[in-house]
Amino acid sequence: MSEEPTGGPFEIVSAEHEATTVLTVRGELDLDTIPELSATAFPAADTARGGLVVDLTDVSFLSSSAITVLVRVCDRMPDASRMALVAVNGVVTRPVQLSGIDRVMATFTTVPDAVAHVQSATVDDEAAR
């Protein structure tokens, strides 16, 4: 049994999960799909008061250009919000680790763990007020 996802059409689905925006990405994140990722992720980041999770579980390729977009998305997050990634397969976890973005945004193996992490920033911010 392979841990690598099978290729398929590119798709991004946005959903709310306990007040956190979750972007689920499927397919290859390469030069052809970067514009669609940007068009969905940038506005999501701009309004992600409850945090943003990008689920890359079903991504079959992650280019360096996609990593750059993810960093830019993180930079657009509101001050008190966090962004986290969900990644379980080597085609995503290796580039994430090699690029060092796992030091900028936490990486988890499940969406609920990532949601809990980004929501803890909101709770911490409200407690500080």
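Note that the structure is predicted; figures quoted are calculated from it, not measured.

**Student:** Quick question: what am I supposed to make of the nonpolar core here?
**Tutor:** General note: in soluble globular proteins, nonpolar side chains tend to be found buried as a group. Within the largest apolar cluster, 31 residues are counted, with the highest numbers of intra-cluster contacts made by Leu29, Leu52, Leu56, Met83 and Leu85. Contributing elements (two or more residues each) for this core: β2 (20-29), α1 (34-46), β3 (52-62), α2 (64-75), β4 (83-86) and α3 (90-99). By size, the runner-up hydrophobic cluster in this structure holds eight residues, among which are Val53, Ala84, Val115 and Val118.

**Student:** What am I meant to see in the pairing of β4 here?
**Tutor:** The side chains of a regular strand alternate between the sheet's two faces. Across the two faces of β4 the burial is the same, with Met83 and Leu85 and Ala84 and Val86 all buried. Direction of pairing for β3 relative to β4: parallel, over a ladder of four bridges. Directly across from aspartate 55, in β4, lies its bridge partner valine 86. Pairing of β4 with strand β5 (residues 106-108) involves three bridges; the strand directions are parallel. By the bridge assignment, alanine 84 is partnered in β5 with alanine 106. Once the chain exits β4 it traverses α3 before rejoining the sheet at β5, and the crossover so formed is right-handed.

**Student:** Before we go on, may I ask you to explain the packing of α1 against α2 in this structure?
**Tutor:** For any two helices packed against each other, one specifies the crossing angle of their axes together with the interaxial distance. In contact at an axis separation of 9 Å, α1 and α2 are set at 15° when each is read in the N-to-C sense. In terms of orientation, α1 lies roughly parallel with respect to α2. Relative to α2, α1 is oriented so that their crossing is right-handed. Facing α1, whose interface residues are Ile34, Leu37, Ser38, Ala41, Phe42 and Ala45, α2 presents Ser65, Ala66, Val69, Arg72 and Val73. Considered class by class, the residues forming the contact of α1 with α2 number eight nonpolar, two polar and one charged.

**Student:** What should I look at first to understand the pairing of β3 in this one?
**Tutor:** Of all eleven residues in β3, eight are buried; the element is thus mostly enclosed. Sheet topology places β2 next to β3; eight bridges connect them, and they run parallel. Within the sheet, the bridge partner assigned to leucine 29 lies in β3 and is leucine 62. Chirality of the crossover, the property in question, places the unit of β2, α1 and β3 among those that are right-handed. For the handedness criterion, the β-α-β arrangement of β3, α2 and β4 is classed as right-handed.

Procedures and definitions
- Residues numbered from 1 in each chain as written.
- Predicted model: local features only at pLDDT ≥ 70, side-chain atom pairs only at ≥ 80, totals over all residues.
- Heavy atoms only, no water.
- Core = buried A, V, L, I, M, F, W, Y, C linked by side-chain atoms within 4.5 Å.
- Buried < 20%, exposed > 50% of the residue type's maximum accessible area, 1.4 Å probe, protein only.
- Helix = DSSP H or I, 4+ residues; strand = E, 2+ residues; numbered from the N terminus.
- Pairing = 2+ DSSP bridges.
- Right-handed = clockwise from strand over helix to strand, strands pointing away.
- Axes fitted to C-alpha atoms, helices over the stretch in contact; angles between N-to-C directions.
- Parallel < 35°, antiparallel > 145°, perpendicular 65-115°, else oblique.
- Left-handed = near helix turned anticlockwise from the far one by under 90°.
- Contact = heavy atoms within 4.5 Å.
- Nonpolar A, V, L, I, M, F, W, Y, C, P; charged D, E, K, R; others polar.

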